[in-house]
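Residue-level structure breakdown
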Amino acid sequence: MIPLIVLVVILAGAAFYFVGIYNQLITLRNLYRNAFTQIDIQLKRRYDLIPNLVEAAKGYLAHERGTLEAVMEARNSAVGASRAAAQSPGSAAAMTGLSQAEGALSGVLSKLLAVVEAYPDLKANRTVADLMEELTSTENKISFARQAFNDAVTGYNIQREKFPQNVIASLFDFKTAALLDAVEKTEERTAPKVSFT
Amino acid sequence: MNTDRATNFFARQARARRNCRRQLTGFVFAVAVIVLVTTLAIRLAWYLYVGTNAYTSFNADEAYRYQQKISTFTFFDPAFFIFMSMIIVIVILSASIYKMHTLKKGGAAVAKMLGARRIDPGATDPDERRLVNVVEEMAIASGIPVPQIFVLDSEKNINAFAAGLEISDAAVTVTRGALNKLNRDELQGVVAHEFSHILNGDMRLNVQLIGILFGILFLGIAGQKFLSGGRVSMRAGLPAMAAGIFLVIIGHTGSIVGRLMQCAISRQQEFLADASAVQFTRNPAGLAGALKKIGGSAFGSRIGSPEARQASHLFFSESHPASWFSFLNTHPPLITRIRLLDPSFDGRFPKMADEPSVPKPMYTEPFGGTGHYRLPAVSGESSPAADVTSMVGSPLSGHLEESQGILTALPQDVREIAATARGAASIVFALLIGKDARLREQQTAALGRTTILRGEVETVWSLSERLAGLSDRLKLPLLELAMPSLSVMNGMEKRNFLLMLHSLIHADGKINLLELSVHWILEKHLNPSEDLFRTIRKFSYSQVGLDIVVLISALACAGHPSDKEKTQKAFDAGLARIPELAARKPVLSFEENASYAAVNRALQSLTDASFKIKEAVVDACAHCAFEDRAVTFEEGELLRVVALALQCPLPPFIQPPLPDAA
């Protein structure tokens, strides 16, 4: 009788332990997915701001049509990439796609901001100044949200790869999540530093 | 950076708890010191009093009694000691508990206690907008909810603090000087520093320390009030004087002990908060820049309000520097802090201009001017209208002076009413009350329905009677005065207010110029963010041609109400600025009555036109108005409403010295 009770207790303990691990993995996965929605919100806001800025700047930047078109083009492809990424945050392909599209957008945007710096009339325009401030803030928010997302993903991956968590993980198909890296384009590095004072 | 830098959230919270115990020990120590000093002082005074009486009394019996007392005198009388300590402990504890209770309401209560003004998350002022954005960024970076934001408007030096008991009720406060003097990166560094106080749990500790300090300093403050209150005349005698002096002694002991406690805890926190700020922003240059600017300006980070002394350990940098004893400073020296962030710092601060900064008005596009505007002398061929479009969005210093001149002409009590949201709403409503009896009846019915006034409709009537005599020139500045108070309203109240405004304006089915201006100014002021994200639907002149013609016609007629020929000339001058439209040869159309309603509709329709069209419209309107180089009041007002509605603000027109009227 006693051995039976001991066996039942041990089995129950093990079951509770594994359920605990499973729940923890679920929690962490939801945490990083939620962290991605934070990025997504800011990305959407940036996509809304860019056309307004381009429209406002158009009148002044007749000679910079190329830059403006490049910005709009990069923005449109980034919108597509972010839609795909929002479908499956953490999947390696989607994250790479998004970070490349975002890198391209940041590159041309910083070029546009540098151009704006060169036109005092444009910089003095209240609407443009407001939009630039919003855009700068949104860029910062994106990068901070990305840090938070990467922290959440790292926390999840660490738990997922530990033993015996990895057993549970492979049993219930918890996939490795991919980090969202900042792709530093060459244009981004060479662009002059823009500061809004 | 700092060696004992705690790496994660839990380690920091644990450290905060350790500090909390240290603080409690400090408090007990402080009370003990105060009890000791006070009892000794009282005993000493008693000894002196008895001693002098024993040898100077002329009554032999009395002298004998005193001598008896002095022979049994000890400095440590246990009964007396326990009695005194109980009284002092009870007073200190109840003062502390009272203060902590008032601070329970959270960070906002502390900020308000120090005279700070809350900033709406939808602020439109560029500096405040930037602050709101920076705080939101840091909330993301540190992963906590966005705290409430406050500004100390009267403080011209660079400083900031965070206060609150829980993360959810935290408040971040920044001085006006920090807003004006720091650039974006530096402001971010300062705000990040404050965020790390929130996250590290220092903030809770610091707010508790305010309560403890209040208790410790309470007796001293009471003593000072007692002595300086004039209630102690010589007649009240020695005992009352002595009591006052004792209280002051206690006060000084308390303030030194309190100050020591402030610095013991605060200095460690500051290093840690600097380190965490860099961790959040990944940009040591911003924070270092802010510290350098503090070092470079003559008054550094000094806070003018003496109220703030009890909170000096909350601040970003030294708010009340101790003049002689640097070991009594609540913050580590600036140079040390900067060197940790920027090891190459040579100790030379950049020179900062400390000119008394002109207080910025809330709304930088004031209306103004009298019957006729005259443009500044125009040289050569350049058209005056070109000046106007180049003035778009850049108010000159002259404009500020002009609007301030107008504001000082307003009656004082009206200005006081405008300081509250409800009062400001009543003023706006009172401006819109019509003269016609039937119209008034309809407006009264509408006013009764609103919840904003909470039944105080009479205020609106008495105000409207007073304002009836006011010249039109003063009505719009009055509106501006009311605007900061109006923006305090929350989203729901704003909606109600705008609905009310709408029903007052449309009560008679007609719109006059004043109503048109009020409508657009308030609409734009209270719903600022709408425009930024408005989708542009109209790209070609064919979509808005009619609206533009209406606007230019209205302006041409406003300039020359009776002269048909001149009206046509002004109309043509305006239209010539938009060749695409002029090619279609539109005709001047203007009916006196329906006019402003039509203008309103035209503006409404133009709001979602592209920026290029809007700019062209403002340009055309300006040329129309300046065709004859003199601008009537109506013309100027209308031009400004157009500019405001289309979000290309114009500055008011500066009046030239005194050329003869055109």
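Structure shown above.
First, a word on scope: everything that follows refers to the structure included in this document. (Residues numbered from 1 in each chain as written. Chains lettered and ligands numbered in written order. Predicted model: local features only at pLDDT ≥ 70, side-chain atom pairs only at ≥ 80, totals over all residues.)

**Structural notes on the interface of chain B and chain A**
- Every contact between the two is made by 23 residues of chain B and, on the other side, 27 residues of chain A.
- When residues of the side of chain B that touches chain A are traced back to their parent elements, those giving at least two are α5 (126-142), α7 (184-200) and α26 (611-625) of chain B.
- The biggest single contributor to the side of chain B that touches chain A is α5 of chain B, with 8 residues.
- Looking at side-chain class alone, the side of chain B that touches chain A contains 8 nonpolar, 7 polar and 8 charged residues. (Contact = placed C-beta atoms within 7 Å. Helix = DSSP H or I, 4+ residues; strand = E, 2+ residues; numbered from the N terminus. Nonpolar A, V, L, I, M, F, W, Y, C, P; charged D, E, K, R; others polar.)

**A short note on the sheet that holds strand β3 (residues 160-163) of chain B**
All names here are of chain B.
- Ordered by their spatial adjacency, 4 strands build an open sheet running β1-β2-β4-β3, and the pairing between neighbours is mixed. Edge positions in the sheet fall to β1 (117-118) and β3, since each of these pairs with one other strand and no more.
- Sheet topology places strand β2 (residues 148-152) next to strand β4 (residues 171-175); 5 bridges connect them, and they run parallel. Looking at β4, one finds that Leu 152 is bridged to Thr 175.
- Where α7 meets the sheet, its contacts fall on β3 and β4, and the angle it forms with β3 comes to roughly 25 degrees. (Pairing = 2+ DSSP bridges. Axes fitted to C-alpha atoms, helices over the stretch in contact; angles between N-to-C directions.)

**Remarks on the packing of helix α10 (residues 284-296) of chain B against helix α11 (residues 334-341) of chain B**
All names here are of chain B.
- In the contact formed by α10 and α11, the axes pass within 9 Å of each other and the chain directions differ by 160 degrees. It follows from the interaxial angle that α10 and α11 lie roughly antiparallel. Here the hand of the crossing between α10 and α11 comes out left-handed. Touching Pro 284, Leu 287, Ala 288, Leu 291, Lys 292, Ile 294 and Gly 295 of α10 are Leu 334, Arg 337, Ile 338 and Leu 341, all from α11.
- Counted by class, the contact of α10 with α11 contains 8 nonpolar, 1 polar and 2 charged residues. (Parallel < 35°, antiparallel > 145°, perpendicular 65-115°, else oblique. Left-handed = near helix turned anticlockwise from the far one by under 90°.)

**Let's talk about helix α25 (residues 595-606) of chain B**
- With 12 residues, α25 of chain B should cover 16 Å at 1.5 Å per step; its first-to-last C-alpha distance of 16 Å lies within 8% of that length.
- Taken as a whole, α25 of chain B has its buried residues at Ser 595, Tyr 596, Ala 598, Val 599, Asn 600, Ala 602, Leu 603 and Leu 606 of chain B. (Expected span 1.5 Å × (residues − 1). Buried ≥ 20, exposed ≤ 12 C-beta atoms within 10 Å, placed from the backbone.)

**Let's talk about the nonpolar core**
- Core analysis: the biggest nonpolar cluster contains 121 residues, and Tyr 32 and Phe 149 of chain A together with Ala 163 and Val 191 of chain B have the highest contact counts within it.
- Once you skip the residues sitting within four places of it in the chain, Tyr 32 of chain A turns out to touch Gly 90, Phe 149, Ala 152, Val 153, Tyr 156 and Ala 177 of chain A.
- Ala 418, Ile 548, Leu 639 and Ala 643 of chain B belong to the second largest nonpolar core, which has 72 residues in total. (Core = buried A, V, L, I, M, F, W, Y, C linked by C-beta atoms within 7 Å.)

**Some remarks on the environment of Ala 78 of chain A**
Residues and elements named next belong to chain A.
- Relative to the elements of secondary structure, Ala 78 occurs in helix α2 (residues 65-87).
- Note: C-alpha distance between Ala 78 and Leu 43 (35 residues apart in sequence) is 9.0 Å.
- Discounting chain neighbours no more than four positions away, the residues touching Ala 78 are Tyr 47, Ala 101, Glu 102 and Leu 105.

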